[in-house]
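Summary of structural features
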Amino acid sequence: MLSAARKKLLMTITCLVLVYMSWGSCYISVKFALESFPPFLLCGIRMSSAGAILYLATWLYGERSRPTLADFRQSLILSFFMVLISSGFLCKGQESVPSGIAGMFSGMVPIWMVIGGWLFLHEARPRKLQYVGLAGGTFGIILLSLNQGISGLTSWWGPLFLLLGTLGWVVGSFYSKVHAGETKLSVMRVSALLMFIGGLQALIAAFLLGESVSLAEVTPKSWTALTALVLFSGIVAYCSYFWLLMNTRTEVAISFEYVNPVIGVFLGWLLGNEHVGTIVLTACVCIVGSVFFVVAGPRD
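Cut-offs used in this document
- Residues numbered from 1 in each chain as written.
- Predicted model: local features only at pLDDT ≥ 70, side-chain atom pairs only at ≥ 80, totals over all residues.
- Heavy atoms only, no water.
- Phe/Tyr/Trp six-rings, centres within 6.5 Å; stacked < 30°, edge-to-face > 60°.
- Helix = DSSP H or I, 4+ residues; strand = E, 2+ residues; numbered from the N terminus.
- Lys NZ or Arg CZ within 6 Å of the ring centre and 35° of its normal.
- Core = buried A, V, L, I, M, F, W, Y, C linked by side-chain atoms within 4.5 Å.
- Buried < 20%, exposed > 50% of the residue type's maximum accessible area, 1.4 Å probe, protein only.
- Contact = heavy atoms within 4.5 Å.
- Patch = residues over 30% accessible without salt bridge, like charges linked within 9 Å, V, L, I, M, F, W, Y side chains within 5 Å.
- Areas by Shrake-Rupley, 256 points an atom, 1.4 Å probe, with all protein chains shown as cover.
- Salt bridge = Lys/Arg side-chain N within 4 Å of Asp/Glu carboxyl O.
- Lys, Arg positive; Asp, Glu negative; His and termini not counted.

1. Some words on the packing of aromatic side chains
Applying the stated criterion across every chain, the model contains 13 aromatic pairs. Taking 5.0 Å as the distance between ring centres and 90 degrees as the angle between the ring planes, the aromatic pair formed by Phe-89 and Phe-161 counts as edge-to-face. Of this pair, Phe-89 sits in helix α4 (residues 69–93) while Phe-161 is found in helix α8 (residues 157–179), placing the two residues 72 residues apart along the sequence. An aromatic cluster of three or more residues is present, and its members are Trp-23, Trp-169, Tyr-238, Tyr-241, Phe-242 and Phe-256. Sitting over the ring of Trp-59, Arg-64 keeps its end group 4.2 Å from the ring centre. Positioned above the aromatic ring of Tyr-55 is the side chain of Arg-189, whose terminal nitrogen or guanidinium carbon lies 4.1 Å from the ring centre.

Take a look at the structure:
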């Protein structure tokens, strides 16, 4: 029998791998889905579908507790930041920003969250090895940015939407950590409510913006991408992330943000015939290595 500590370690590793793979592939999936769907409508369909499926799964699994008014109020706030702002703005930004560059914006999140957790949530001050990891990851992201350049940008507002999306994720994550103990719902049901309510918010935004889609014109590639966004980047990733956020240190939970650019570059090379040179490989090594230092830094 595994000890409680070993079980938690195994669960942590499993959730990290699931989050890395699910959200690392999100950017290219969004790119393919945007070929047929407008941004906020895409976000709304993706999240509301994922939330409904997951909620049904929790009910079939035997969870019968009903959300309270406080649960709905908390979900409304969380979904606004972590779905409508984060995912909705990601889709909107990727209309004019290549998927590889979009993935790089997520690399700013660990710095804000580790420092923010120290300043605002009374978490431990970052340790020397964590500073090394933060510096290494930042250096890798800069290398990727310089290599990719900005030639693929087609508007000034695309990066702005991506920046606001990352800020929404940070605010929502901090709010979740502060109020995590206020609900008796499971992580899966909390994730289901978050995605479903956020999906409805995105659908309302799509309606107000006049977005629409002809299902007959949706390509098989876009349907496949949407399915991946619902099942993996939606259900699997959100459940895994919230478990990490509630059971590990902030720097562990958000370490996926350093891996996402690497996966994005690799999938761009594999599926999008993008060039990968020495600079990109060097940056990827720096970013992957930084995760070790951020996650494994010694406790004070």
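There's plenty left to go through after this.
2. Examining the nonpolar core
Judged by nonpolar contacts, the single largest core of 73 residues is most densely connected at Trp-23, Leu-42, Trp-169, Tyr-238 and Tyr-241. For this core, the leading source of residues is helix α10 (residues 220–247), giving 13 residues. In contact with Leu-42, other than residues within four places in its own chain, are Val-30, Ala-33, Leu-34, Phe-37, Cys-91, Leu-226 and Leu-229.

3. Quick notes on a nonpolar patch on the surface
Together, Trp-112, Leu-160, Leu-163, Leu-164 and Leu-167 make up a nonpolar patch on the protein surface, roughly 370 Å² of accessible area in all. If you tally residues by element for the nonpolar patch, the top one is α8, at 4 residues. Given the relative accessible area of 35%, Leu-167 is considered partly exposed.

4. Regarding the side chain of Asp-71
Inspection of the secondary structure puts Asp-71 in helix α4. The side chain of Asp-71 sits in the buried core without any salt bridge; Arg-73 is the nearest counter-charge, 8.5 Å away. If we skip the residues at most four places from it in the chain, Asp-71 touches Arg-66, Thr-183 and Leu-185.

5. Some points on the environment of Leu-2
Looking at the element boundaries, Leu-2 is found in the segment before α1 (4–24). By relative accessible area, which is 46% here, Leu-2 ends up partly exposed. Filtering out sequence-adjacent residues up to four positions away, Leu-2 remains in contact with Lys-7 and Leu-10.

6. As for the pattern of salt bridges
Taken as a whole and judged by the stated rule, the model has 2 salt bridges. Residue Glu-35 is joined to Lys-221 by a salt bridge in which the shortest nitrogen-to-oxygen separation is 3.3 Å. With a gap of 186 residues between them, Glu-35 in the loop between α2 (26–33) and α3 (39–61) and Lys-221 in helix α10 connect regions that are remote in the sequence. Using a relative accessible area of 46% as the deciding quantity, one classes Glu-35 as partly exposed. Overall, the relative accessible area of 40% leaves Lys-221 in the partly exposed class. Between Lys-92 and Glu-95 there is a salt bridge; the shortest N-O distance is 3.1 Å. Overall, the relative accessible area of 42% leaves Glu-95 in the partly exposed class.

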